[in-house]
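Chain and residue survey
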Amino acid sequence: MKHKLFILSMLLGLSLSAQDSLQLRFIHSVVIDHYVGEFFWNSVPQARSYQLYKCYPGQGDFIAVASLSDTHYIDTLHRVVCSDTVHYYVTATCLSATEDTFTLYSDTCGLFFHDNLPTSACSLRLCSVDTLLGRLRLSWYPSPDTDVMGYYICMGSPCRDYDTVWGRTNTSYLCPEDLDLSNANSYSFRILAFDSCFQASPLTPYYHNPALSLQAAPCSRRLQCSWNRYINMPDSVGEYILYYRAGDDPTWRRHRVSPDGNFSFDTLWDNLAVGNIRAYLAVVNTSDSLTAFSPIQTFQFSYGDTAAFARITSVEYHDAIPTIELQMEIDPLFTGQTAYLMRSRLRGNPPVWTPFEQIEQLQVNPAEPFSYTDFDVVRTALAYSYRLDVPDLCFQRIVSSDTANVSLPSVDDPAAWFPNVIHAGDPELGRFCPYYVSPLSGDYRMQIFTRWGECVFSTDQLNDCWDGTSLRGNPLPQGVYVYKVRCRHANGDQKIYKGTVLLLR
């Protein structure tokens, strides 16, 4: 019995000693692709199966990869590893001579993986104005790579960083509100994809938004619409369509242009007061599946500057030589320099105002008040009315002052009128020129005498006027002189007019 126990103890000792001498280790491990690793380990005679474990960088715990009967395995990574090491070890489940199971553990093996595959580029779709929001929207087709993390958007030439969009399928971007789309502004963009290792794809070609310009020369009724060439549209550009309408007209007119056509179009409008003209451009591809839009542009024909006001500040009648003096002013912010003085007369029995007519075109400086003297005053008229008209550059709008009226004093004899004062040497007030209301038929003589009866001027010509000089042309002294006029009116009445006139120097 003792002999049998000794033999059994010897056998158990040999069995434990053999188990301790078993080793499990990796023989060969290598990265055969940027995300594929291959492993070989030694064969253990007592092993019934092998289990491979791995741990990703930063993971902390090992996870089972596969249960195998072979000593060779190819592992494919299911997450991207960017220039880092993935650790592995293998276990063997063994059966001892006494049919007890035990486990052998290998050493740890590390494989360095590096994602060195270039990221595939995305492709462009549209650069267009969002018609609902009125803001520029970019869209593109996603990169075919599955590990794409997002897209960089750059703007301008040279292309500079603009913004980042995260997510492989997030392929639309709404530009900020502060991007100015007025004045036919066009912006160019390029896009690149980047993967989880932040490796960038090649940049796409440039693409930009459709931009429409509306222009017209001052006072011209011809509106020129022009636009840029739209590039890198999927399926290429099929046609450009210009939409435009005036004012509150609900119907949009259309003008179609081929891809190689003239990128401008002129429209002629009946008048400059047509109101706002609105227009936008649509770019359609050849398959009629995509449309890019420009911003809606608004245009108002330029009339030139318009005065905010025009005023006649005072109007005064002077009886010495019948004149009416006006003081006027115009909005000092007005940039024009032309104004028109209009006049109407009250005459007849019963009295009737004549239609307003232009009597003078005034070149003015709006920054300063200005005056005008009307010498064409008929003494027998009852009253005069004046109005100042200030047109814009294109004569589309006219700002008018309020009317200013002045009444004339009544005359004793409505057949003729004689000045009572002349200013010698004055180019306008220095002549004694009677005014005859009713026509004269002949037998005319006008004489001027001193207070002592000396004749200093005599004429039988109706249009001759005394200028304050003697018969020999010498200047006469300041003082009171007597006039005598004999004439025959057209109705046959012969009259003699006498009176005095003051000569001033």
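Keep in mind that what you see is a predicted model, and the values were worked out from it rather than measured. (Residues numbered from 1 in each chain as written. Predicted model: local features only at pLDDT ≥ 70, side-chain atom pairs only at ≥ 80, totals over all residues. Heavy atoms only, no water.)

1. Overview of the nonpolar core
Core analysis: the largest hydrophobic core is formed by 49 residues, its most contacted members being L138, W140, F189, W227, Y230, Y240 and L242. Those elements that place two or more of their residues in this core are β9 (123–130), β10 (135–141), β11 (148–155), β14 (188–195), β16 (212–215), β17 (222–227), β18 (237–246) and β21 (277–285). Ranked by residue count, the leading element in this core is β18, at 5 residues. Not counting chain neighbours up to four residues away, the residues in contact with L138 comprise L126, C127, I153, T171, S172, Y173, C175, F189 and Y207. The next biggest cluster of nonpolar side chains, apart from the first, holds 25 residues, and it includes I324, M328, I330 and Y384. (Core = buried A, V, L, I, M, F, W, Y, C linked by side-chain atoms within 4.5 Å. Buried < 20%, exposed > 50% of the residue type's maximum accessible area, 1.4 Å probe, protein only. Helix = DSSP H or I, 4+ residues; strand = E, 2+ residues; numbered from the N terminus. Contact = heavy atoms within 4.5 Å.)

2. Concerning unusual backbone geometry
With an omega of 5°, the peptide bond between S157 and P158 qualifies as cis. As for its position among the elements, P158 is in the loop between β11 and β12 (160–166). The backbone phi angle of C219 is positive, close to 70°, even though this residue is not glycine. Examined against the element boundaries, C219 turns out to sit in the loop between β16 and β17. With a phi angle near 65°, S236 is a residue other than glycine that sits in the positive phi range. With respect to the helices and strands, S236 occurs in the loop between β17 and β18.

3. Considering the pattern of salt bridges
Oppositely charged side chains can pair when the atoms bearing their charge come close. For the structure on display, the rule yields 12 salt bridges. Residue R135 pairs with E177 through a salt bridge whose shortest N-O separation is 3.6 Å. Here R135, found in strand β10, pairs with E177, found in the loop between β13 (172–174) and β14; they are 42 residues apart in sequence, far enough to count as distant. On the accessibility criterion, R135 (21% relative accessible area) is partly exposed. R345 is the salt-bridge partner of D376, the closest N and O atoms lying 3.5 Å from each other. Linking D376 in the loop between β29 (370–374) and β30 (383–391) with R345 in strand β26 (residues 338–347), this pair joins segments that are 31 residues apart in sequence. What you see here is one network of salt bridges that share partners, running through R343, R345, D374 and D376. (Salt bridge = Lys/Arg side-chain N within 4 Å of Asp/Glu carboxyl O.)

4. Remarks on the side chain of K54
If you trace the backbone, K54 turns up in strand β3 (residues 47–55). Exposure remark for K54: the relative accessible area of 4% places this residue in the buried category. Engagement of the side chain of K54 in a polar contact is seen with the side chain of Y56, the distance being 3.1 Å. (Polar contact = N/O pair within 3.5 Å; in protein donor to acceptor, adjacent residues only side chain to side chain.)

5. Observations concerning the pairing of β18
Summarising burial for β18: 8 of the 10 residues are buried, a large majority. Direction of pairing for β18 relative to β21: antiparallel, over a ladder of 9 bridges. Residue pairing in the sheet places Y240 in a bridge with V283 of β21. The pairing of β18 with strand β19 (residues 253–257) spans 5 bridges and is antiparallel. The residue of β19 that forms the bridge with Y243 is R254. Here β18 folds back onto β19, and the loop between the two strands holds 6 residues, one of which, G247, carries a positive phi near 55°. (Pairing = 2+ DSSP bridges.)

6. Quick notes on the state of the cysteines
For the structure shown, the criterion picks out 4 disulfides. Each sulfur of the disulfide joining C154 and C159 lies 1.8 Å from the other. For the disulfide bridge between C154 and C159, the dihedral angle about the S-S bond is near 100°, and by the sign convention the bridge is right-handed. You can call C159 partly exposed: its relative accessible area is 25%. (Disulfide = S-S within 2.5 Å.)

7. Things to note about the side chain of D147
The residue D147 is located in the loop between β10 and β11 in this model. One buried charged residue, D147, forms no salt bridge at all, with the nearest opposite charge on R168 at 7.6 Å. In contact with D147, not counting residues within four places along its chain, are V80, D115, D195 and S196. (Lys, Arg positive; Asp, Glu negative; His and termini not counted.)

8. Overview of the confidence of the model for the chain
Looking at the chain as a whole, the pLDDT averages 88, with 94% of positions reaching at least 70. Looking over the chain, one finds the lowest element-wise mean pLDDT in helix α1 (residues 2–20), namely 44, and the highest in strand β22 (residues 291–293), namely 97. In the model, residues 1–17 has pLDDT below 50 throughout and makes 2 contacts with residues more than four positions away in sequence or in other chains. (pLDDT = per-residue confidence, 0-100.)

9. Comments concerning the sheet that holds strand β1 (residues 26–33)
Strand order in the open sheet formed by 3 strands is β1-β2-β5, and the pairing between neighbours is antiparallel. The open sheet terminates on both sides in strands that have one partner only, identified here as β1 and β5 (72–76). Each adjacent strand pair in this sheet contributes to an overall mean axis angle of 15°, direction not counted. Direction of pairing for strand β2 (residues 36–41) relative to β5: antiparallel, over a ladder of 5 bridges. Bridge assignment links G37 to a residue of β5, and that residue is D75. (Axes fitted to C-alpha atoms, helices over the stretch in contact; angles between N-to-C directions.)

10. Points about the pairing of β30
The two faces of a sheet get side chains in turn, since along a regular strand they alternate between them. A large share of β30 lies buried, amounting to 8 of its 9 residues. In the sheet, β30 pairs with strand β32 (residues 404–407) via 4 bridges, with the strands oriented antiparallel. Residue pairing across strands places S385 opposite N405, the latter belonging to β32. Of the strand pairs in this sheet, β30 and strand β31 (residues 398–400) are connected by 3 bridges, and their pairing is antiparallel. Residue pairing across strands places V390 opposite V399, the latter belonging to β31. Taking the residues between adjacent antiparallel strands as the criterion, β30 and β31 are bridged by 6 residues, where F395 takes a positive phi near 55°.

11. Observations concerning the environment of H255
Here H255 shows up in strand β19. Judged by its relative accessible area of 22%, H255 falls in the partly exposed class. For H255 and D305, which are 50 residues apart along the polypeptide, the C-alpha to C-alpha distance reads 32 Å. Dropping the residues within four chain positions of it, H255 is found in contact with Y240, I241, L242, Y244 and F265.

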